[in-house]
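Structure at a glance
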Amino acid sequence: MKVLMISHDPSVFVPGSPAHLRMEAYRAHLDDLRIIVVSGRRGIIRDPKGFSGFIPDLVTSQDPFEHGVLAWWYARRYGARLELQVHTDFLSPYFSQSVLGSVRVFLARILLGRADCIRVVSERIKKSLIERSPKLSKRITVLPLLAKPAPAHEEIILHVLYPQFSFIYLVASRITKEKNIGMVLSAFAEVLKKHPKAGLVVVGTGPEEEALKRRAEKLGLEKSVVFIDWTNSLGSYYKSADGFLLSSWYEGYGLTLLEAAHARVPIVTTDVGLVGEILTDAHAFVVPPGDAARFAHAMNELLENKALREAKRARLGALTGIFLDEKEYVEKVVSGWRGCTKR
């Protein structure tokens, strides 16, 4: 079987990178795999192997939006089957609050109706798609994203780095509008009224970073909030934090929730992504998206109710199978592609 992939990740062409190694693992199960990367910063990058004489049996796209349009065009050009992947909960009412979000929802609704197969990363997304378009149900398969426990550097211990804080909340996220980290700051300001020695560590970078720092200053949180650049070695941050916070308006899956759960750090999260599928109220404090008052209440309860906090931590420790084996993951991806060409 020959596959053409439309990707957004330029690192698939960087020898030795995790994405490149995964592509090579796919190739080992296929007759051929060619890739086109469409990156906002670097434009369109075509596979160094070239495309002369290459006719795919299947075209797959890593989203049903702009990349999906290109995948649909190539599938039509070659008479190939079309698989569209859905990695985010685009049918969440919060996704379409921007013009770009509305355009992407419009594109996805059209393209998914024309796809032969649809791979989603969570049961939440599958349910939302079927509720809108029941006829899609037979085309949808659920395969979570490949995730691993976050690497750790044992010398990083948050309470050693920041001894002024008696209790440390951690946020690890891209700093973008959909992550709604500004709500965390508002909730944290309420927490400080009762617990002035609590601290908040935000690990991440993104287009909203400066606005978020200005918001922290406006709320008078300069001495209680620490901003750290993004790192891929988050394991020690999870392990040495007292609580992990996720405040997104929507998520496709929520890999940081899995990483935090693996580290057994108690969690306060909005009801997004894998919440309800892997993590439930038994494992975490779950709050509706955008509800700063309830988020602050959950943060206080996490800090004050040690018995409940430890009970949730113990249940996190009892979770099994939250990370797929990489070999198993690759086999499931390729099996899905083969199944799509036979439908």
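Residues numbered from 1 in each chain as written. Predicted model: local features only at pLDDT ≥ 70, side-chain atom pairs only at ≥ 80, totals over all residues. Heavy atoms only, no water.

1. Some points on the sheet that holds strand β9 (residues 198-203)
Sheets are built from strands that pair by backbone hydrogen bonding, the pairs being arranged parallel or antiparallel. What counts, and what does not: At least two DSSP bridges between two strands are needed for those strands to be called paired. Numbering of helices and strands runs from the N terminus, with a helix taken as a DSSP run of H or I at least four residues long and a strand as a DSSP run of E at least two residues long. For helices, the axis comes from a line fit to the C-alpha atoms of the stretch in contact; other axes are also lines fit to C-alpha atoms, and the angle between any two N-to-C directions lies between 0 and 180 degrees. For this analysis, residues touch if any pair of their heavy atoms sits within 4.5 Å.
Within the open sheet, the 6 strands sit side by side as β10-β9-β8-β11-β12-β13. Their pairing is parallel. Sheet topology places β10 (225-228) and β13 (285-287) at the edges, where each strand pairs with a single neighbour. Recorded for the sheet is a direction-independent mean angle of 20° between the axes of neighbouring strands. Strand direction decides the pairing type here: β9 and β10, joined by 4 bridges, are parallel. Considered in β10, the bridge of Val202 is made with Phe227. Sitting on the sheet, helix α9 (residues 255-263) touches β8 (167-172), β11 (243-246) and β12 (267-270), and the angle it makes with β11 is about 170°.

2. Details of helix α12 (residues 326-342)
Rules: Under the convention used throughout, the expected extent of a helix is 1.5 Å for every residue step, that is, one less than its residue count. We call a residue buried when its accessible area falls under 20% of the maximum for its residue type, exposed when it is over 50%, and partly exposed in between, using a 1.4 Å probe and counting protein chains only. It is the directions from the helix axis to the C-beta atoms whose arc is reported. Two N or O atoms count as a polar contact when they lie within 3.5 Å, although within protein this holds only if one can serve as hydrogen donor and the other as acceptor, and sequence-adjacent residues are included solely when both atoms are side-chain atoms.
Between its first and last C-alpha, α12 extends 25 Å over 17 residues, near the 24 Å set by a 1.5 Å rise per residue. Taken residue by residue, α12 has Tyr329, Val330, Val333, Val334, Trp337 and Cys340 as its buried positions. Buried residues along α12 cover an arc of 125° about the axis, so they all sit on one side. In α12, the exposed positions that point more than 90 degrees away from the buried face belong to Lys327 and Lys342. For α12, the elements touching its buried residues are β1 (2-7), α1 (18-27), β4 (58-61), β5 (81-86) and β6 (117-120). By the N-cap criterion, in which a side-chain oxygen at the helix start approaches the backbone nitrogen of a residue two or three places on, α12 is capped by Asp325, the distance to Lys327 being 3.1 Å.

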